[in-house]
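# Residue-level structural notes
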Amino acid sequence: MRKSFSFIKNTLINIWFGIKTSFLASKKYFLLKCLVLLSTTFIPLTTIWLWQEILNGVVAGSTKAVFILLIVYLAFKLLTYLLAHYDIYIRMRYVNALTMYIENVMIDKTSRVDLAFFDSAKMGDKVRITRSNFEIMGSVAWLVFNIFSAIINVIATFVIVTTINPWIGILTILFLIPFFIYDNKHTNYMWEMEEAQTRDDRKKDYYNNAFYDNNIQFEIKLNKLTDFFLGRYKEIWQRLYKKRTKAGILHTLRISFFLLLNFLSELLMLLFSVQGVIAKEIGIGNLQYNISMVARLREQSIELIKNVNWLMVNNVRLKSLQEFIAMKPEYEQCGKRIPSSNPRIEFCDVYFRYPNCEDYVLKNCSFVIEPHERIALVGQNGSGKSTIIKLMFRFYDPEKGMIKLDGIDIKEYDIYAVRRVFGVLFQDYVTYCLPLREIIALSDFVNRFDDGKLQKVSDISGVTEIIKDWPDGFDSVLGRYYADNGKDLSGGQWQLVGLARAYFRDNEFMILDEPSAALDPIFEDRIFAQLYDLSKGKNAVIISHRLSNTTLADKILVLDDGHIVERGSHFDLLKQNGKYAYWFNLQASKYV
Ligand SMILES: Nc1ncnc2c1ncn2[C@@H]1O[C@H](COP(=O)(O)OP(=O)(O)O)[C@@H](O)[C@H]1O
Ligand SMILES: [Mg+2]
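The text that follows walks through the structure, step by step, so that each part is easy to find. (Residues numbered from 1 in each chain as written. Chains lettered and ligands numbered in written order. Predicted model: local features only at pLDDT ≥ 70, side-chain atom pairs only at ≥ 80, totals over all residues. Heavy atoms only, no water.)

### Re the environment of Tyr86
As a reminder, the rule being used: Helix and strand assignments follow DSSP, with helices taken as H or I runs no shorter than four residues and strands as E runs no shorter than two, numbered in order from the N terminus. Burial classification: accessible surface area is computed with a 1.4 Å probe over protein chains only, and a residue below 20% of its type maximum counts as buried, one above 50% as exposed, and the rest as partly exposed. It only takes one pair of heavy atoms within 4.5 Å for two residues to be counted as in contact.
Structurally, Tyr86 is set in helix H3 (residues 63–112). Using a relative accessible area of 35% as the deciding quantity, one classes Tyr86 as partly exposed. On a C-alpha basis, the gap between Tyr86 and Cys34 in space is 12 Å, while along the polypeptide they are 52 residues apart. Contacts of Tyr86, omitting those with residues within four sequence positions, involve Leu32 and Val36.

### Quick look at the packing of aromatic side chains
Basically, it comes down to this: Two aromatic rings from Phe, Tyr or Trp, using only the six-membered ring of Trp, form a pair when their centres are within 6.5 Å; if the ring planes differ by under 30 degrees the pair is stacked, by over 60 it is edge-to-face, and anything between is tilted. A ring is scored as having a charge over it whenever the NZ atom of a lysine or the CZ atom of an arginine sits within 6 Å of its centre and within 35 degrees of its normal.
On inspection of all chains with the given rule, the structure shows 22 aromatic pairs. With 5.7 Å between their ring centres and 80° between their planes, Tyr351 and Tyr360 make a pair best called edge-to-face. Exposure remark for Tyr360: the relative accessible area of 26% places this residue in the partly exposed category. Both rings, one in Tyr354 and one in Tyr396, keep their centres 5.1 Å apart while their planes meet at 85°; by these two values the pair is edge-to-face. Within this pair, whereas Tyr354 is found in the loop between strand S1 (345–352) and strand S2 (362–369), its partner Tyr396 is found in the loop between helix H13 (385–392) and strand S4 (400–405), the two being separated by 42 residues in sequence. Taken individually, Tyr354 and Tyr396 each receive the classification buried, so the pair is uniform in this respect. Taken together, Tyr206, Tyr207, Phe211, Phe228 and Phe229 form an aromatic cluster joined through their ring pairs. Across the ring face of Tyr351, the terminal group of Lys400 is positioned such that the distance to the ring centre comes to 4.4 Å.

### Regarding the site of ligand 1
Spelled out, the test is: For each residue, the test is whether any non-hydrogen atom lies within 4 Å of the molecule or strand; if one does, the residue is near. Think of a polar contact as two N or O atoms within 3.5 Å of one another; within protein, one of them needs to be a possible hydrogen donor and the other a possible acceptor, and neighboring residues in sequence only count if both atoms come from side chains. Exposure was quantified through the Shrake-Rupley algorithm and a 1.4 Å probe, taking into account, for residues, occlusion by the shown protein chains and nothing else. Gly counts as polar in this scheme, as do all residues outside two lists: the nonpolar Ala, Val, Leu, Ile, Met, Phe, Trp, Tyr, Cys and Pro, and the charged Asp, Glu, Lys and Arg.
As a structural note, the neighbourhood of ligand 1 is formed by 14 residues, with Gly382, Gly384, Lys385, Ser386 and Thr387 the closest of them. In this structure, an oxygen atom belonging to ligand 1 sits 2.8 Å away from a main-chain N or O atom of Gly382. For ligand 1, whose free accessible area comes to 560 Å², the fraction covered by protein is 66%. For the shell around ligand 1, the leading source of residues is H13, giving four residues. Tallied by class, residues from the shell around ligand 1 come to four nonpolar, seven polar and three charged.

Put into structure tokens, the structure is as follows:
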């Protein structure tokens, strides 16, 4: 009882959500649709009534009345036809407006939610379900419209039929109950099957898309893998197809039984009306009218049942869409303070683990970066170096402990102002399909036409050498996603472009997270030498595996087991003869 109450409550909330969203998406088309809906509800009833009067007039031989009625009848028919076309047009415009609206809401949300959101599988599912709900929203708006129209129709025709014969009215509704129960089960079954097959569907798409992916196509040709990918694709396709066909056939058979049962009411009305005609109580027009009304009652009730069942099934999807829209980014709840351009950064006993992960990445992690200090952060793979950078950007917040900027909790600062303090090159480079000018200037987009500045950062980062033979220079498009003659870059070259972007923002505080991963040693040395040079009197954090790159830093922090185990200059640390000295000597021995 309680369960069904909350189910009804959810359904009503969803209906309200559907209507509200539809209205907000486009007030104009929403109102137009309501107008068309009202007309398409009442015009058919009027035309059925007109037809009754025409037939009765013909039997009674009143030519003039019949002629006038026929003209009105034809006018109504024409109107119905025009409205049906107009309805299709409105629907098209309306669904466009709705998709645009929801897509905007989604993009706005995803651009504001915390990065942590994307780390969690559960949240990932939510985004997936929500994205697949774009079309659902469109159809929910329509479902709600259809349900309203069907309710008005059912009530109107039920009243008309019961005034003709109360028993037939009641029986028509009773005959529909088994259909309602069956349809509810069937709709649920189809939805469950769709859900259960999502993974297989995605797998099928994966094998299919492999043929259109440049890199995989390369391997397919190299290893003659066509049969392998096609075989997998066909196998899944057949499995899905078999199950769906079976469900389809069974449904057709079962539904015929219910249609026969529902047809009984029309049969009853036919017997009842024929009797009336024979007894001369009603005219032939009334006979036609009575049967049409029962038929309409039946059709509209079926429409109502189908739409209501479908709406109930969509509850789950709509709920996730609503939850997504209602979500509040946690980390973006920040203060208004604006940090200085090279603040003193302090990690105080920071504990951190990624969302839904058990193990702490940082434990009791404390260190200070003084203004105008160049820091090197070293540690083994996975020791948490990149994580420290992400915390400085407030992509995540510590679970315990505090990060301070100039002695004040980082949460008291405006989050975007904090992020603007640093010029950064992250470890994982990102490729874009855009003109080079825009790719470099993404960090400070208003200055994208400042060719002098573009040239300066390209010289520093080594991009100038990549583009020296490109006729279009900074206006060359990189990547081939939409550009036939887009330029392809190697991984190392992409990183140089990323470095140019990091410098383009003119920050006092530079962070480079393993920029050397995809670079050749000559470029690597050059980049680090340049960075030390450029950041004199400024701040820098450098993360590198090659410890020869870190020797020049003012302070080296050695990260192990989630916290800083050694700190000091290169020579201090060699003297300490601890972890750093061991790693350094190990690497140095390879170059002897
Ligand atoms: N988004 C994430 N979700 C869960 N675990 C993560 C995530 N990013 C990194 N980790 C884990 O956190 C640890 C530290 O990662 P990271 O800071 O990237 O190491 P480093 O940069 O020192 O190589 C690793 O064990 C890594 O697997
Ligand atoms: Mg890293």
